[in-house]
Amino acid sequence: MRITREMNERLTRVGEGTPMGEVFRRYWIPALLSSEIAEPDGPPARVRLLGEDLVAFRDSAGDVGLLGAHCPHRRAPLFFGRNEECGLRCVYHGWKFDVHGNCLDAPSEPPGSQFRFRVGALSYPTHEAGGLVWAYLGPIDRMPQPPDHELVRVPAGHLGVSRSNEPCNYLQAIEGGIDTAHSSFAHNNDLGNTGHLRALDTHPRLEVDTAAHGFTYGSLRQVGQGRVYLRTYQFVMPFMQIRGGLITWQGEPAAYPVIHGHIWVPMDDENTAVYNFAYSADPAQPMAGEWWADHEREMGRAPEDYEPGTHWLIRNPDNDFLIDRHVQRTRTFTGIAGVNTQDYALQTGMGRIVDRSQEALGSTDLAISTARRLLLEATDEVERGGAPRGAAPATHRAIRGGDLLMSAGSDWRETSKDVREARF
Ligand code: FES
Ligand SMILES: [Fe+2]
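What this report covers is the structure whose coordinates are included nearby. Here the structure is a predicted model, which means the values were calculated and not measured.

1. Some details on the sheet that holds strand S4 (residues 64-68)
Here four strands make up an open sheet; going across it, the order is S2-S3-S4-S9 and the pairing antiparallel. The sheet is open, and its two edges are formed by strand S2 (45-49) and strand S9 (123-124), each paired on a single side.

2. With respect to the nonpolar core
Ranked by size, the top nonpolar core spans 76 residues in total, and within it Leu32, Leu49, Leu151 and Ile263 carry the most contacts. Once residues lying within four places of it in the same chain are set aside, the contact partners of Leu49 are Ile29, Pro30, Ala31, Leu54, Ala135, Leu137, Val265, Pro266 and Met267.

3. Here we look at the coordination of the iron ion (ligand 2)
Within the protein, the iron ion (ligand 2) binds to His182 (NE2), His187 (NE2), Asp343 (OD) and Asp343 (OD); these donor distances fall in the range 2.0 to 2.6 Å. Spacing between the donor residues of the iron ion (ligand 2) along their common chain follows H-x4-H-x155-D. Of this pair, His187 sits in the loop between helix H4 (170-177) and helix H5 (197-200) while Asp343 is found in helix H8 (residues 339-348), placing the two residues 156 residues apart along the sequence. Owing to a relative accessible area of 10%, Asp343 belongs among the buried residues under this scheme.

4. Some remarks on the environment of Leu122
Topologically, Leu122 is positioned in the loop between strand S8 (103-105) and S9. Expressed as a C-alpha distance, the spacing of Leu122 and Pro72, which sit 50 residues apart in the sequence, is 8.1 Å.

5. So, the sheet that holds strand S5 (residues 82-83)
Pairing in this open sheet of four strands is antiparallel, and the strands run S5-S6-S7-S8 from one edge to the other. Of all strands in the sheet, those with a lone pairing partner are S5 and S8, marking the two edges.

6. So, a nonpolar patch on the surface
On the surface, Phe185, Leu191 and Phe333 cluster together into a nonpolar patch covering about 250 Å² of accessible area. Along the chain, the position of Leu191 falls in the loop between H4 and H5. The exposure class of Leu191 is partly exposed, given its relative accessible area of 32%.

7. Quick notes on the pairing of strand S15 (residues 227-236)
Within S15, nine of the ten residues are buried, which leaves the element mostly enclosed by the surrounding structure. Bridge count between strand S14 (residues 214-224) and S15: ten bridges; the pairing is antiparallel. Across the sheet, Thr216 pairs through a bridge with Gln234, a residue of S15. Between S14 and S15, which follow one another and run antiparallel, lie two residues, and Gln225 among them has a positive phi close to 50°. Relative to strand S19 (residues 402-407), S15 runs antiparallel, the two being bridged by six bridges. Across the sheet, the residue bridging to Arg231 is Asp403, located in S19. Pairing analysis gives four bridges linking S15 to strand S16 (residues 240-247), with the strands arranged antiparallel. What sits directly across from Gln234, in S16, is Ile242. A loop of three residues connects S15 with S16, the two strands running antiparallel in sequence.

The rules we used
Residues numbered from 1 in each chain as written. Chains lettered and ligands numbered in written order. Predicted model: local features only at pLDDT ≥ 70, side-chain atom pairs only at ≥ 80, totals over all residues. Heavy atoms only, no water. Pairing = 2+ DSSP bridges. Helix = DSSP H or I, 4+ residues; strand = E, 2+ residues; numbered from the N terminus. Core = buried A, V, L, I, M, F, W, Y, C linked by side-chain atoms within 4.5 Å. Buried < 20%, exposed > 50% of the residue type's maximum accessible area, 1.4 Å probe, protein only. Contact = heavy atoms within 4.5 Å. Donors = N, O, S within 2.8 Å, 3.2 Å for Na, K, Ca; no water. Patch = residues over 30% accessible without salt bridge, like charges linked within 9 Å, V, L, I, M, F, W, Y side chains within 5 Å. Areas by Shrake-Rupley, 256 points an atom, 1.4 Å probe, with all protein chains shown as cover. Salt bridge = Lys/Arg side-chain N within 4 Å of Asp/Glu carboxyl O.

Function cannot be read off these values alone, since they describe shape.
Shown next, in the form of C-alpha cells:
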C-alpha cells in the first residue's frame, strides 16, 4: 500500500478533531508514570498528551487528577498550584479544584457566592495500573472498560516500567518497534560475533495475522542446522508492541525470561512519550534485583543518560546522539551507545514527521504496512460512529509475545501458541 501525502497527514496528526486524534480519544492511554506523582499532596506534573497541555496531581486520598494546564479563572498555570486537602489550589487567586475538576473554593469571590458552582476545570478520567496513569480523553458515552493488558495485572515485584521522550512523530517510532529486520543491523553491537541469531539470517520472512487486538506476526530466520529462529510480536492498537525475551541472541534459554514492549504515546504531532516495560515471563519468578537497572543501562536509559529532572535523553539529534566513529569501525554497527538510543537516532533523523510518500518498502516491511492499514481503518470506523479495533479489553487480555528456536518446517503458529498466552 503506497502512502500518499494525504494518508500520511491522516496517520500522523494527533490533535483534537483530526481523524487519528479522534481515534486515540477512544482508548485508555498512558498519560504519565505513577512514579511522576508518587506521593499524595506531592508536586504536580506537567503532561503533554495528544497536543493538549495538562497537569496531573495525586490528592490527599491518593486519587489522581488530570486537569487542563490552565486555571479556568484567568488561565494561570495550575502546575505552580498548591496540592493540599484533596485539591489543587491555583496560586494566583486561590481557586481550588478536585480531581474531577470541580471548583471547591473561590476565595476571591464574596462569601456565600454561588459562583464557584458555575466554573470547573477541564478534567479527564484516570485509571492507575501497571505503574502507569492511564487517561481517557474522548467522549464519556463512548468510554471503553479500563485497559487489561497482561502488563497491568503484573505485580510490582515482577515489573519494570520507564519512560523516555522521543522528538518525532509517534508513528515512525512504532514502525521501528515492529520492524524485526533492523535488529540484525542497527542493534548489532558485537560486530565480531557471527554466531548471533540475527546475524545468521538478515532477511527474516514475515507472516502477519490481523486479530481483534491489532495483529500478531511471526518473523522467521533460517539459522542453520535445520533450525528456525522465530520471533512473534503483538501490535496492540493503537500504539503498543509486546514481544518475548525468552531466549538469548545465541539461542540459549534466557537466564531470566521476560516479556518486553513499548507504548508510544503521542505528546503532540512531533514528540512521543515512549513507555518501556519488561516483566517476568514466569509468575513464579519475580524480577531479579539488578535486572531492570542493567537492562535500562543497555537500552541507553541509565539515570545519567537523561537530562536531569526530565524524560529527555542526553544523546539527541543536536549532538548526533554522540556517535563514535571509532566504535562504529571496530565494535558496533552504529557507533551509538544504547540499543533504544540507536532507534531514536534513526527514527528522529527521518525528520519530525517522515514523508512516507518518498519510501520504497521491501519484503520485511509487511508488519509496518499492516499497522498503517489498521490505523487508517480505525479512522474510518470512528468517522462512521463505530468503536475502533482493540479498544475493548477482552481483545488484548490474553496475549503476550514470544521467541523460540524451532525446527525448520514446523508451523510457527502452533509451536508458539503457549509462549503467546498471558500467564498473569
Ligand atoms: S487564575 Fe487561577 S485563581 Fe485566578
Ligand atoms: Fe530497535
